[in-house]
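# Close look at the chain arrangement
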Amino acid sequence: MKHAATRAWPTMLLAACIALGGCATAGNTSPLVAVGAQRAGKLTIQSEMEWTRAASTRYQMWTIDGELLNLLYLVPTVREGEYIFLGQKESKRRPNGPYYHHGLREDEIRDLIDDGLASAGFIGIESTNLRPATFGGRAGLRFDVSMENPDGLAYRGLVAAFEHDEGLTLAIFIAPREYYFPRDGEKVSRMLDTMRWE
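Cut-offs applied
Residues numbered from 1 in each chain as written. Predicted model: local features only at pLDDT ≥ 70, side-chain atom pairs only at ≥ 80, totals over all residues. Heavy atoms only, no water. Helix = DSSP H or I, 4+ residues; strand = E, 2+ residues; numbered from the N terminus. Expected span 1.5 Å × (residues − 1). Bend = angle between axes of the 7 residues up to and from the residue. Buried < 20%, exposed > 50% of the residue type's maximum accessible area, 1.4 Å probe, protein only. Pairing = 2+ DSSP bridges. Lys, Arg positive; Asp, Glu negative; His and termini not counted. Salt bridge = Lys/Arg side-chain N within 4 Å of Asp/Glu carboxyl O. Polar contact = N/O pair within 3.5 Å; in protein donor to acceptor, adjacent residues only side chain to side chain. pLDDT = per-residue confidence, 0-100. Contact = heavy atoms within 4.5 Å. Phe/Tyr/Trp six-rings, centres within 6.5 Å; stacked < 30°, edge-to-face > 60°.

Between the first and last C-alpha of helix H4 (residues 180-193) there are 20 Å, a value that for 14 residues agrees with the 20 Å anticipated at 1.5 Å per step. Where H4 bends most, the angle comes to about 35°, and this point is Glu186. Listing the buried residues of H4 in full gives Phe181, Asp184, Gly185, Val188, Met191 and Leu192.

As structure tokens, then:
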């Protein structure tokens, strides 16, 4: 029973998407992502490859081979006091947790994302290469992450985030360390550099 409760983060996100009715695409998005400019709310990103997209009004999940093999999670806006991966807000009853607050330092945002990954069931989380980044003139950050799901599958990931007047934009790409991340990581890294807030 405990094993079922600690499913990998991508599976939980997909379940949340289905529960929220988000797999029916929102707005003017298509379930297929073509090469070129794509929108997620006010966020734009240039895709270098074709994906399948599940979308809600708050986030998009893109995959090429299935959510356990590669997943790009795009959150245009994490609002003040929200759980870093959405879904709940900070409150008097839940004062502690990975909740976003405007003005956090780069290392604090990284730690918040790491805490969110741990809350989602990943283990052995190691973040490296924290560095400043610019997204269309907005200061942000990039870092790399490695971790395992509860079944022992090793993942690598790329994270990009930046603040804007409505909150924090967050993008996380994860894929198994063997084959899938080496195949797609470089292209996705270039894609993350193209994120813009309009």
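Here the narrative resumes.
Turning next to the sheet that holds strand E2 (residues 36-40). Pairing within the open sheet is antiparallel, and its three strands lie in the order E2-E3-E11. Both outer strands of the open sheet, E2 and strand E11 (196-197), are each paired with one neighbouring strand and no more. Where E2 lies against strand E3 (residues 43-47), five bridges are found, and the strand directions are antiparallel. Following the sheet pairing, Ala40 is matched in E3 by Leu43.

Mapped onto the secondary structure, Arg53 falls in strand E4 (residues 51-55). Buried within the structure, Arg53 lacks any salt-bridge partner; Glu50 is the closest side chain of opposite charge, at an N-O distance of 12 Å. A polar contact is formed between the side chain of Arg53 and the side chain of Gln60, at a distance of 3.1 Å.

On average, residues of the protein carry a pLDDT of 81, and 79% of them reach 70 or more. Note on residues 1-29: pLDDT is under 50 here. Beyond four places in sequence and across chains, it has 56 contacts.

Helix length check: helix H3 (residues 106-119) (14 residues) gives 20 Å between terminal C-alpha atoms against 20 Å at 1.5 Å per residue, within 8%. Following H3 by one or two positions, Gly121 adopts a phi angle in the positive range, close to 110°.

Attention now goes to the pattern of salt bridges. If you walk through the whole model with that rule in mind, you get 12 salt bridges. Close ionic contact of Glu82 with Arg58 constitutes a salt bridge, the shortest N to O distance being 2.8 Å. With Glu82 in the loop between strand E6 (71-78) and H3 and Arg58 in the loop between E4 and strand E5 (60-63), the pair connects residues that are 24 residues apart, well separated along the chain. For Arg58, a relative accessible area of 21% translates into the label partly exposed. Taking the shortest distance from any N to any O, the salt bridge between Asp65 and Arg183 comes out at 2.3 Å. Of this pair, Asp65 sits in the loop between E5 and E6 while Arg183 sits in helix H4, and the two are 118 residues apart along the sequence. Taking the relative accessible area as the measure of exposure, Asp65 reaches 35% and is therefore partly exposed. We classify Arg183 as partly exposed; its relative accessible area is 32%. Salt bridges here are not isolated pairs; linked through shared partners, they connect Glu48, Glu186 and Arg190.

Moving on, we come to the packing of aromatic side chains. Counted according to the given criterion, the structure contains seven aromatic pairs. Between the aromatic rings of Phe173 and Phe181, the centroid separation amounts to 6.1 Å while the plane-to-plane angle is 35°, which identifies the pairing as tilted. Like Phe181, Phe173 is buried. In textbook terms, an aromatic cluster arises when at least three aromatic residues are bridged by ring pairs, as seen for Trp51, Trp62, Phe173 and Phe181.

Let us look at the environment of Leu68. Within the fold, Leu68 resides in the loop between E5 and E6. Judged by relative accessible area, Leu68 falls into the partly exposed class, the value being 37%.

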